[in-house]
Protein chains: 2
Amino acid sequence: MTREQDEDGGRRRLRRPASIKDVAAAARVSPTTVSHVLSGNRPVAEETAERVRSVVSRLGYVPASTARNLQAGSTNVIGLLVPDITNQFFAELAKGVEDAAHDLGYGVILCNTEFDPDREDRYLELLRGRFIDGMVYASGSPPSRGRLASLLGRFPIALADEVVPGLLEQTILVTADHRAGGRLIGQHLRELGHRRVLAISGPTDLVSSLERIAGFREAFGDAGVTEVEGAFVERSGYHLVAAALEDGGPRHFTAVFAANDLMALGAIAALEDAGLRVPDDVSVAGFDDIMIASRVHPRLTTVHQPAYDVGRTAGAQLLSYVHRDEVPPASRHILPVRLKVRASTAPVRPPR
Amino acid sequence: MTREQDEDGGRRRLRRPASIKDVAAAARVSPTTVSHVLSGNRPVAEETAERVRSVVSRLGYVPASTARNLQAGSTNVIGLLVPDITNQFFAELAKGVEDAAHDLGYGVILCNTEFDPDREDRYLELLRGRFIDGMVYASGSPPSRGRLASLLGRFPIALADEVVPGLLEQTILVTADHRAGGRLIGQHLRELGHRRVLAISGPTDLVSSLERIAGFREAFGDAGVTEVEGAFVERSGYHLVAAALEDGGPRHFTAVFAANDLMALGAIAALEDAGLRVPDDVSVAGFDDIMIASRVHPRLTTVHQPAYDVGRTAGAQLLSYVHRDEVPPASRHILPVRLKVRASTAPVRPPR
DNA sequence: TTGTATGCGTTATCAA
DNA sequence: TTGATAACGCATACAA
């Protein structure tokens, strides 16, 4: 047994790991031979190879990736930028990216921006040093186009989930079909007989949010749609619906379409607090199909987004170019969504 | 404007980024000076510095981290190994680690094992190359002690959430106080008058799971506790409760303590499917306080685990040693938990 | 079948 | 105030 550490004033410092030279010396061969035994890049006499392997094993030698990275000019690591990893959607997306990367022997470095532009900037600055071979960018918020564009020349970038205006035509884009999802809800509510709907959008600088509402209008028609701008959080849905109810006069909607599930939950809470029943008095539909959507009461009608597939596709697309050291041409990958009809929507009943 | 890419048979290949030599040449100074202008490690004449900065900016030069890493012998990146990033608990934990890392300018490389030992092994093998400066290990399953031990000499490791038998006394350990959590539930049920409880443990090779049950028994007493082994998934809770109900004879419990929330949800479903009401006929308590625990019907009584704090503490502890290039001495950090009394538990009512 | 020499891009040491 | 040189650890072109 070799000692793992050296004592030093009560503190133990990490030992210098064995290098290829140490192995070469102990096996009485050149570093070149050690390298080739391990890589298989050229034939080595079995006897020699065996001797080397035995030393490698004895010293616990593992090639230093830092040196390899410098030599190879690549790290086999891609970056993943998300706004909030505890958000189920981005967690699923991250898993997809991670799976795609793992399949090709790549690692994923996680950049969690918490929707903080400064934090995002710091991360992007960090990544400019070419630490990574590519990046999946899913910022979830209107991104700083400038910084991103400057990275585009350094390594491939795939945009996931959200369009980055101005970069759209320059690289890979993978999103769910937000527009089709909006259409599905629009059609569903119309079929249930609803004619007056309160539509709560997300932030209007997010293309995905705009697309959802646009799709809704396509299928439902513009007439009877009252649109208000929300913020993709529960409180927002609550306040907007509460405000709409307090407007005085008779209720001017029989259904609510919230551009994400959290806002839909807020909407339901506001309706119930106002003494209205969902879906008997008012129907509510959301978007995303987050985990709790199927477990709340009433179970939420919504549109399922293929978050995992978005991540996986973005990762796989990205890596197919990273691998060949090529700049990805512009491409769009729009993944299908599914309508989930549950218990929060029902045939219209005229307002009292 | 310089061209960002070179055309090559319709495919665009990435341009070689400017190196310190390019900058030095263009600014008519030595690479040493460029380095010092950027690092501030030694004084440079303002005139020279200005010339260098202007070239840096013009060429878009950023020091290659790969070369820095080799030179410095460190990467400013730590690894984070989790079983499932889409699990709310591990997502919170990851966020904590990521925050701690970001505060000190470190990146986090995400290793999602999906509870697959092979996948975990592949990751650990990858990381042996000292790509990372340290690791937070939260495998969520009984870990391969051997492989981990061999890494312990290469870089600091902090164990998060789950004890790794045999490594416990060798490095940092950060967990929630599972035992105290179990006690809180035991005491709560006892105070409600329950005397016969079905306790569903998690996998018995997980120390955290054993601790929860042990704590429960400490507070509740051993008498009246029927213990069965579950698997930390909803189905498991369902089946075990369904089986217990079908045992024939009168029901032998008035409350269920499931060692995690998912199993508790399964338990509730099984009870309701059997025509029993929760909590009127049977009380159910869980553990973890996952997001849906407070939104299901009935809202689940459970123990809140400080997942974020576990991650953040593990990350901060780890980095305090990484920073000084020291082997962390054994230390335990046991974070407090909180009882969340909600609607799924009620005073006992004798079985029919 | 194996070895020598070189270079990857940076920073540290030493010298001027 | 600045520069030349070595070194980090590896992989590879070239040589034998």
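What counts as what
- Residues numbered from 1 in each chain as written.
- Chains lettered and ligands numbered in written order.
- Predicted model: local features only at pLDDT ≥ 70, side-chain atom pairs only at ≥ 80, totals over all residues.
- Heavy atoms only, no water.
- Helix = DSSP H or I, 4+ residues; strand = E, 2+ residues; numbered from the N terminus.
- Rg over C-alpha atoms; globule rule 2.2 N^0.38 Å.
- Buried < 20%, exposed > 50% of the residue type's maximum accessible area, 1.4 Å probe, protein only.
- Contact = heavy atoms within 4.5 Å.
- Lys, Arg positive; Asp, Glu negative; His and termini not counted.
- Charge placed at Lys NZ, Arg CZ, Asp CG, Glu CD.
- Least-squares fit on C-alpha atoms with pLDDT ≥ 70 in both.
- Near = heavy atom within 4 Å.
- Nonpolar A, V, L, I, M, F, W, Y, C, P; charged D, E, K, R; others polar.
- Buried area = accessible area lost by both parts, 1.4 Å probe.
- Salt bridge = Lys/Arg side-chain N within 4 Å of Asp/Glu carboxyl O.
- Polar contact = N/O pair within 3.5 Å; in protein donor to acceptor, adjacent residues only side chain to side chain.

A. Expanded view of the overall build of chain A. Along the backbone of chain A there are 12 helices and 14 strands. In terms of overall size, chain A is more extended than a compact globule, its C-alpha atoms giving a radius of gyration of 27 Å where 352 residues would be expected to give roughly 20 Å. The burial tally for chain A puts 54% of its 352 residues in the buried class. For chain A, restricting intrachain contacts to residue pairs at least 6 apart in sequence, the fraction spanning at least 24 positions comes to 70%. Side chains of chain A carry 41 positive and 44 negative charges; the gap between the two charge centres is 5 Å.

B. Spotlight on the relation of the copies chain A and chain B. Between the two copies, chain A and chain B, the superposition gives an RMSD of 0.1 Å; the rotation angle is 180° and the shift along the axis is 0.1 Å. Each copy turns onto its partner about a two-fold axis. No C-alpha of chain A approaches the rotation axis more nearly than that of Ile109 of chain A, which lies at 2.1 Å. Both copies contact each other with a shared surface, as 100% of the interface residues of chain A are interface residues in chain B too.

C. Examining the protein's contact with DNA strand C more closely. Taken together, 24 residues sit near DNA strand C, with Thr32, Thr48 and Gln71 of chain A together with Ile20 and Tyr61 of chain B positioned nearest. The sugar-phosphate share of atoms of DNA strand C within 4 Å of the protein amounts to 55%. Elements represented by at least two residues in the surface near DNA strand C include exactly helix H2 (31–39) and helix H4 (65–72) of chain A together with helix H2 (31–39) and helix H4 (65–72) of chain B. Among the elements that make up the surface near DNA strand C, the one with the highest residue count is H4 of chain B (3 residues). For the surface near DNA strand C, the residue count by class is 11 nonpolar, 10 polar and 3 charged.

D. Seen up close, the interface of chain A and chain B. The interface is formed by 59 residues belonging to chain A together with 59 residues belonging to chain B. Both faces considered, chain A and chain B share a buried interface measuring about 5800 Å² in area, 56% of it formed by carbon and sulfur atoms. Seen at the junction of chain A and chain B, the total is 8 salt bridges. Asp84 of chain B is the partner of Lys95 of chain A in a salt bridge, and the nearest nitrogen-oxygen pair spans 3.3 Å.

E. Representation of the protein's contact with DNA strand D within the structure. In the vicinity of DNA strand D there are 24 residues, among which Ile20, Tyr61 and Arg68 of chain A together with Thr33 and Thr48 of chain B approach most closely. Each atom of DNA strand D within 4 Å of the protein belongs either to a base or to sugar and phosphate, the latter forming 58%. Measuring from a phosphate oxygen of DNA strand D, one finds a backbone N or O atom of Ala64 of chain A at 3.1 Å. The contact in question runs from a phosphate oxygen of DNA strand D to an N or O atom on the backbone of Ser30 of chain B, over 3.0 Å.

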